[in-house]
Amino acid sequence: MTVTLEVSAGVGTIRLDRPPMNALDIATQDRLKELAEEAAGRDDIRAVVVYGGEKVFAAGADIKEMQVMDHTAMVVRGKALQDSFTAVARIPKPVVAAVTGYALGGGCELALCADFRIAADNAKLGQPEILLGLIPGAGGTQRLARLVGPSKAKDLIFTGRHVKADEALAIGLVDRVVPAAEVYEQAHAWAAKLAQGPALALRAAKESVDAGLETDIETGLAVERNWFAGLFATEDRERGMRSFVEEGPGKAKFL
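A brief structural summary. Source: prediction; values computed, not measured. Within any chain, residue numbers begin from 1 and follow the written order of that chain's sequence. For this predicted model, a pLDDT threshold of at least 70 governs which residues receive local features, and a threshold of 80 or more governs which side-chain atom pairs are given and counted, while totals over whole chains, interfaces and linings are taken from all residues. The side-chain values count all of the structure's non-hydrogen atoms but skip hydrogen atoms and water molecules.

### Let's talk about the overall build of the chain
Part 1: The secondary structure content of the chain amounts to 11 helices and 9 strands.
Part 2: Radius of gyration here is computed from C-alpha atoms only, and the compact-globule reference equals 2.2 Å multiplied by the residue count raised to the power 0.38. The C-alpha radius of gyration of the chain comes to 19 Å, within 12% of the 18 Å expected for a compact globule of 255 residues.
Part 3: Its C-alpha atoms give the chain principal-axis dimensions of roughly 65 × 40 × 35 Å.
Part 4: Here the chain holds 255 residues, and the buried ones make up 43% of them.
Part 5: Any two residues whose heavy atoms approach within 4.5 Å at even a single point are treated as in contact. Counting only contacts in the chain whose residues sit at least 6 apart along the sequence, the fraction spanning at least 24 positions is 70%.
Part 6: Areas reported as accessible are Shrake-Rupley estimates using a 1.4 Å probe. Residue values count occlusion only from the protein chains shown. Counting every atom, the chain has about 13,200 Å² of accessible surface; 57% of that belongs to carbon and sulfur. Numbering of helices and strands runs from the N terminus; a helix is a DSSP stretch of H or I covering at least four residues, while a strand is a stretch of E covering at least two. Residue exposure (1.4 Å probe, protein chains only): buried if accessible area is under 20% of the type maximum, exposed if over 50%, otherwise partly exposed.

In structure tokens form, the structure reads like this:
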């Protein structure tokens, strides 16, 4: 299998495994979508790590596969390509990308689908599609601009240049830089901590933020308001407030 899903301590790890560079061919894209949807629906998975292994996250699309595709073929394939990445972005649980080595093209776009990105100190990220006479096609023009702002996104997309981990951190493309040997451990620890939290409230928080970024503030506030009120019907809300009153803040245990 080019992508696998393993579960430990409430954390599902979606692991890319297509040596040597985890090139994202069609079979890998389809498998990624399948496992992202599985992770979204499984009750024993409460947070997710996306990981490419110790040496590389993903070096982009399979160029040899794409080279033989014409306009008609890509019209047919383009939505399925985007849908495979969107399936990761829409997992209604906290998702962290553990980025080692190269995360280029589709690899960078996959990292953008996570809620949080932990990068190795040797990581290199970028959108080099312009060097092939193309633009990012798996969400890069949209998610990158929303994350780092339009000017920085255009710099990376127009030039196709790679950025090292320190610059990626400075522009907000990644959220934490750690030694390469610690990337997966820290990503799993982040996910495991959130896996102990209130699942519905975390889902509400993620969907409220994501929906708000895609609309005007009044609509975003309405989304937030509806989720906020709805959470008053949950056991987690009862448990959290009861614990706060009886034991003090931060001591609630959620199922």
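Following the structure, the description resumes.
### Structural notes on the packing of helix α9 (residues 199-213) against helix α10 (residues 217-230)
Part 1: An axis is simply a line fitted to the C-alpha atoms; with a helix, the fit covers only the stretch in contact. Between two such axes, the angle follows the N-to-C directions and lies from 0 to 180 degrees. Running from amino to carboxyl end, α9 crosses α10 at an angle of 170°, the nearest separation of the two axes being 9 Å. With respect to α10, the axis of α9 lies roughly antiparallel. In this structure, α9 contributes Leu-200, Arg-203, Ala-204, Glu-207, Ser-208, Ala-211 and Gly-212 to the contact, and α10 contributes Gly-220, Val-223, Glu-224 and Trp-227.
Part 2: Grouping the amino acids of the contact of α9 with α10 by side-chain chemistry returns 5 nonpolar, 3 polar and 3 charged. By the definition adopted for this analysis, an angle is roughly parallel if under 35 degrees, roughly antiparallel if over 145, roughly perpendicular if from 65 to 115, and oblique otherwise. Only Asp, Glu, Lys and Arg are considered charged in this grouping, and only Ala, Val, Leu, Ile, Met, Phe, Trp, Tyr, Cys and Pro are considered nonpolar; every other residue, Gly among them, is considered polar.

### Section: the sheet that holds strand β7 (residues 124-126)
Part 1: Strand pairing is assigned whenever DSSP detects at least two bridges linking the two strands. If you walk across this open sheet you meet the 3 strands as β5-β7-β8, and the pairing is mixed. Each edge of the open sheet carries a strand with a single partner, namely β5 (102-104) and β8 (162-164). Along the sheet, successive strands turn relative to each other by an average axial angle of 20°, direction set aside.
Part 2: Of the pairings in the sheet, the one linking β5 to β7 comprises 3 bridges and is parallel in character. Pairing of Tyr-102 across the sheet is with Lys-124, part of β7.

### Quick look at the pattern of salt bridges
Part 1: Counted as salt bridges are all cases of a side-chain nitrogen of Lys or Arg within 4 Å of a carboxyl oxygen of Asp or Glu. Within this structure, the stated rule accounts for 15 salt bridges.
Part 2: A salt bridge links Glu-214 to Arg-90; its shortest N-O distance comes to 3.5 Å. Taken together, the positions of Glu-214 in the loop between α9 and α10 and Arg-90 in the loop between α3 (71-89) and β4 (95-99) put the pair 124 residues apart, joining distant regions of the chain.
Part 3: Accessibility expressed as a relative area gives 53% for Arg-90, which makes it exposed.
Part 4: Between Glu-167 and Arg-161 there is a salt bridge, and its shortest N-O distance comes to 2.6 Å.

### Notes on a nonpolar patch on the surface
Part 1: Two distance rules govern patches: like charges are joined within 9 Å, and nonpolar side chains (Val, Leu, Ile, Met, Phe, Trp, Tyr) within 5 Å, applied only to residues with over 30% relative accessible area and no salt bridge. On the surface, Ile-63, Leu-132 and Leu-134 cluster together into a nonpolar patch covering about 260 Å² of accessible area.
Part 2: The residue Ile-63 is located in helix α2 (residues 63-67) in this model.
Part 3: For Ile-63, a relative accessible area of 40% puts it in the partly exposed group.

### What to know about helix α6 (residues 150-159)
Part 1: Taken as a whole, α6 has its buried residues at Ala-153, Leu-156 and Ile-157. Buried residues along α6 cover an arc of 95° about the axis, so they all sit on one side. In α6, the exposed positions angled more than 90 degrees off the buried face are occupied by Ser-151 and Phe-158.
Part 2: Residues of α6 that are buried sit in contact with α5 (140-148), β8 and α7 (165-171).
Part 3: Just downstream of α6 lies Gly-160, where phi reads positive at about 75°. Comment: arc refers to directions from the helix axis out to C-beta atoms.

### Digging into the environment of Asp-83
Part 1: Positionally, Asp-83 belongs in helix α3.
Part 2: Distance from Asp-83 to Lys-33, taken between C-alpha atoms, is 7.3 Å for residues 50 residues apart in sequence.

### Regarding the state of the cysteines
Part 1: Two cysteine sulfurs form what is called a disulfide whenever their separation falls within 2.5 Å. Across all of its chains, the model carries 0 disulfides by this definition.
Part 2: Cys-108 takes part in no disulfide bond, and the closest cysteine sulfur to it belongs to Cys-113, at a distance of 10.0 Å.
Part 3: Since its relative accessible area comes to 3%, Cys-113 is described here as buried.

Shape descriptors only; they carry no functional weight alone.
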